[in-house]
Amino acid sequence: MIRVQSEDFDPGAEIARLSEHSTATGAVASFVGLVRGDDDLTAMTLEHYPGMTERQLEAIEAEARCRWQLLDVTVIHRHGRLLPGDRIVLVVVASSHRGDAFAACEFLMDWLKTKAPFWKMEERSGRQDWVDAKSEDDSRAERW
Amino acid sequence: MKILYFAWLRSKIGCGEEELTPPVGTATVGQIMAWLATRSPGHAEAFAKPALIRAAINQDFATPDQPVGPNDELAFFPPVTGG
C-alpha cells in the first residue's frame, strides 16, 4: 500500500496492521525517516510530483514483491513543510522470515531515495536552499 | 504540450506549469530543453546545465533523446532528494 500525504502517520498502528495480516507472517521490518535538526535547520519542505510519485512508489513496491517473498508492504511518504523531529517516511514490510523483510525494507528505502520524485528544501536562519542529491544515495540504490 | 517544473527549476522559471507549442523540428526532450532555455532569463538560468536536469514524459522517467508528442505531459526537475 502506497500513501503520499501531508498528515503525520502512526508507525505503531501501521506495524500492528501488517503484523495482523496473516498467520503466515513471521517477520515485520520497518523504517521511519525523520527530519534531522542539525546545522541550525529550522524547517524542511518536501515538494513532490503528484501522480508520478504514486506511480514510481507502486513500481518500486512491485519490484520488491518480485525480488522477495513478501506478504504485505506499506510505504507512507509525507509532503509539505515539516519541522525537526517530524516523521517524513515510513516503510513496513511483512514476510514469513526476517531475511526477506530486512532486505526488502532497505531496498525500498534505497530505491525510493533515488527514484521517487520528491525534493527537499531546507530553511536555515531565514534562508531557503534546495538540497542536492547525494552520489552516496545513487551508490546505495545501485547495489541491488 | 503541458510542461511542468519542480523544485529549483520552478523557482528560477517563476511558474510550475506552462502550455506551450514547441517550434517545428523540436521533437526530443533534449531539443525542447534547448528551446525552453531561450524563452526568458529565468528559463536560461534553469536550463543552464542540462546534465543536472531530469525529465519525465507522462510521469515516467525519460532520456534527452526521447521524442515528445503534442499531447504529452513533459516534466523537468532536479535529481530527486526524498526519503
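Here the structure is a predicted model, which means the values were calculated and not measured. (Residues numbered from 1 in each chain as written. Chains lettered and ligands numbered in written order. Predicted model: local features only at pLDDT ≥ 70, side-chain atom pairs only at ≥ 80, totals over all residues. Heavy atoms only, no water.)

**A few points about the sheet that holds strand β1 (residues 2–5) of chain A**
Residue and element names in this part refer to chain A.
Here's step 1: In space, the four strands of this open sheet follow the order β1-β4-β6-β2, with mixed pairing throughout. Pairing within the sheet leaves two strands with one partner each, and these edge strands are β1 and β2 (27–34). Between one strand and the next, the sheet's axes are offset by a mean angle of 5°, whatever the strand orientation.
Here's step 2: Looking at chain direction, β1 and strand β4 (residues 70–78) are connected through four bridges and run parallel. Bridging across to β4, Ile-2 finds its partner in Val-75.
Here's step 3: This element, helix α1 (residues 11–19), spans β1, β2, β4 and β6 (87–95) of the sheet and lies at about 15° to β6.
Here's step 4: Of the strands in this sheet, β2, β4 and β6 are in contact with helix α3 (residues 98–115), which crosses β6 at around 150°. (Pairing = 2+ DSSP bridges. Helix = DSSP H or I, 4+ residues; strand = E, 2+ residues; numbered from the N terminus. Axes fitted to C-alpha atoms, helices over the stretch in contact; angles between N-to-C directions. Contact = heavy atoms within 4.5 Å.)

**Focus: the interface of chain B and chain A**
Interfaces are often described in size by the accessible area the parts lose on coming together.
Here's step 1: Contacts between the two partners involve 20 residues from chain B and, on the opposite side, 26 residues from chain A.
Here's step 2: Interface area, chain B with chain A, both sides summed: about 1800 Å², of which 56% is carbon and sulfur.
Here's step 3: Contact with chain A buries area across many residues of chain B, yet Gln59(B), Thr81(B) and Gly83(B) alone supply 37% of it, more than any other trio.
Here's step 4: Counting across the interface, chain B meets chain A through two salt bridges.
Here's step 5: Salt-bridge contacts for Glu47(A) lead to Arg10(B); the nearest nitrogen and oxygen are separated by 2.2 Å.
Here's step 6: Counting residues per element, the ones that place at least two in the side of chain B that touches chain A are α1 (8–13), β4 (60–62) and β5 (73–77) of chain B.
Here's step 7: Across the side of chain B that touches chain A, the residue classes tally to eleven nonpolar, six polar and three charged. (Buried area = accessible area lost by both parts, 1.4 Å probe. Salt bridge = Lys/Arg side-chain N within 4 Å of Asp/Glu carboxyl O. Nonpolar A, V, L, I, M, F, W, Y, C, P; charged D, E, K, R; others polar.)

**Some words on α3(A)**
Here's step 1: Across its 18 residues, α3(A) extends 25 Å between first and last C-alpha, which sits within 8% of the 26 Å expected from 1.5 Å per residue.
Here's step 2: Looking at the packing, one finds that the buried side of α3(A) touches β2, α2 (52–67), β4, β6 and α4 (135–142) of chain A. (Expected span 1.5 Å × (residues − 1).)

**With respect to the packing of α2(A) against α3(A)**
Residues and elements named next belong to chain A.
Here's step 1: Interhelical geometry of α2 versus α3 gives an angle of 150° and a closest axis separation of 10 Å. With respect to α3, the element α2 is oriented roughly antiparallel. Crossing of α2 over α3 shows right-handed handedness. Along its contact with α2, which presents Gln-56, Leu-57, Ile-60, Glu-61, Glu-63, Ala-64 and Arg-67, the element α3 presents Phe-107, Leu-108, Trp-111, Leu-112 and Lys-115.
Here's step 2: Counted by class, the contact of α2 with α3 contains seven nonpolar, one polar and four charged residues. (Parallel < 35°, antiparallel > 145°, perpendicular 65-115°, else oblique. Left-handed = near helix turned anticlockwise from the far one by under 90°.)

**Looking at the nonpolar core**
The nonpolar side chains of a soluble globular protein tend to be buried, and buried together.
Here's step 1: By size, the foremost hydrophobic cluster in this structure holds 33 residues, and its most contacted members are Tyr49(A), Val29(B), Ile32(B), Leu36(B), Phe47(B) and Phe76(B).
Here's step 2: Mapped by element, the contributors of at least two residues to this core are β7 (118–124) of chain A together with β1 (2–5), α1, α2 (29–36), β3 (54–57) and β5 of chain B.
Here's step 3: Ranked by residues supplied to this core, first place goes to α2(B) with five residues.
Here's step 4: With near-sequence residues (within four places) excluded, Val29(B) lies in contact with Ala55(B), Ile57(B), Ala62(B), Thr63(B), Pro64(B), Gln66(B), Val68(B), Leu74(B) and Phe76(B).
Here's step 5: Membership of the second largest hydrophobic core comes to 32 residues, among which are Leu41(A), Leu57(A), Ala101(A) and Phe118(A). (Core = buried A, V, L, I, M, F, W, Y, C linked by side-chain atoms within 4.5 Å. Buried < 20%, exposed > 50% of the residue type's maximum accessible area, 1.4 Å probe, protein only.)

**Focus: the packing of aromatic side chains**
Here's step 1: The tally for this structure, following the rule as stated, stands at twelve aromatic pairs over all chains.
Here's step 2: Ring centres of Phe47(B) and Phe76(B) lie 5.2 Å apart, and the angle between their planes is 90°; on these two criteria the pair is classed as edge-to-face. On the criterion of sequence distance, the pair formed by Phe47(B) in the loop between α3 (41–46) and β3 and Phe76(B) in strand β5 is long-range, its members being 29 residues apart.
Here's step 3: Put simply, the rings of Tyr49(A), Trp119(A), Phe6(B), Phe61(B) and Phe77(B) touch in pairs and so form one group of aromatic residues.
Here's step 4: A cation sits over an aromatic face here: Lys115(A) above Trp111(A), 4.4 Å from the ring centre. (Phe/Tyr/Trp six-rings, centres within 6.5 Å; stacked < 30°, edge-to-face > 60°. Lys NZ or Arg CZ within 6 Å of the ring centre and 35° of its normal.)

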